[in-house]
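Overview (structure and organization)
Below are the chains, spelled out letter by letter.
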Amino acid sequence: MKPFTANVIAIINQIPEGRVMTYGQIAKAAGSPRAARQVVRILHSMSRKHRLPWHRVINAKGQIAIQDKFGALEQKSQLEVEGVEVSCKGEVDLERYQFHVSTEIDML
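What counts, and at which threshold
Residues numbered from 1 in each chain as written. Predicted model: local features only at pLDDT ≥ 70, side-chain atom pairs only at ≥ 80, totals over all residues. Heavy atoms only, no water. Core = buried A, V, L, I, M, F, W, Y, C linked by side-chain atoms within 4.5 Å. Buried < 20%, exposed > 50% of the residue type's maximum accessible area, 1.4 Å probe, protein only. Helix = DSSP H or I, 4+ residues; strand = E, 2+ residues; numbered from the N terminus. Contact = heavy atoms within 4.5 Å. Axes fitted to C-alpha atoms, helices over the stretch in contact; angles between N-to-C directions. Parallel < 35°, antiparallel > 145°, perpendicular 65-115°, else oblique. Left-handed = near helix turned anticlockwise from the far one by under 90°.

**Description of the nonpolar core**
In this structure, Phe 4, Val 8, Ile 12, Ile 26 and Val 39 are the most contacted members of the largest nonpolar core, which totals 19 residues. At five residues, the largest contribution of residues to this core is made by helix H1 (residues 3-14). Not counting residues within four places of it along the chain, the set of residues in contact with Val 39 comprises Phe 4, Val 8, Tyr 23, Ile 26 and Ala 27. Listed in part, the 10 residues of the second largest apolar core include Ile 58, Leu 79, Val 84 and Leu 94.

Here it is as structure tokens:
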């Protein structure tokens, strides 16, 4: 596994229940600020294998970005179970729910 991938997995696993991070935020914390799409790919291909809390990752606008209607409803439901308020448009208040990793990835 490449270091960036391992860092992304470690960061996603740090997101606490009831909080969210953005794809870009995770990419930056993992050492590659322009790799938000790679974070999407990692989530898509490794969420099940590594039991990642994929539902806690949203886009930079604070929106659920999953195009599949079932997947978007599943993400919304899981976030709401954890206490995150999600609007009917799939939006989350980042000021209220965004998680910030406390240390640089080198500490992981």
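**Here's the deal with the packing of H1 against helix H3 (residues 36-50)**
Where H1 contacts H3, the two axes come as close as 10 Å, and the packing angle between them is 70°. As far as their axial angle goes, H3 and H1 are roughly perpendicular. The chirality of how H1 crosses H3 is right-handed. Judged by residue contacts, Phe 4, Thr 5, Val 8, Ile 9, Ile 12 and Asn 13 of H1 engage Gln 38, Val 39, Ile 42, Leu 43, Met 46 and His 50 from H3.

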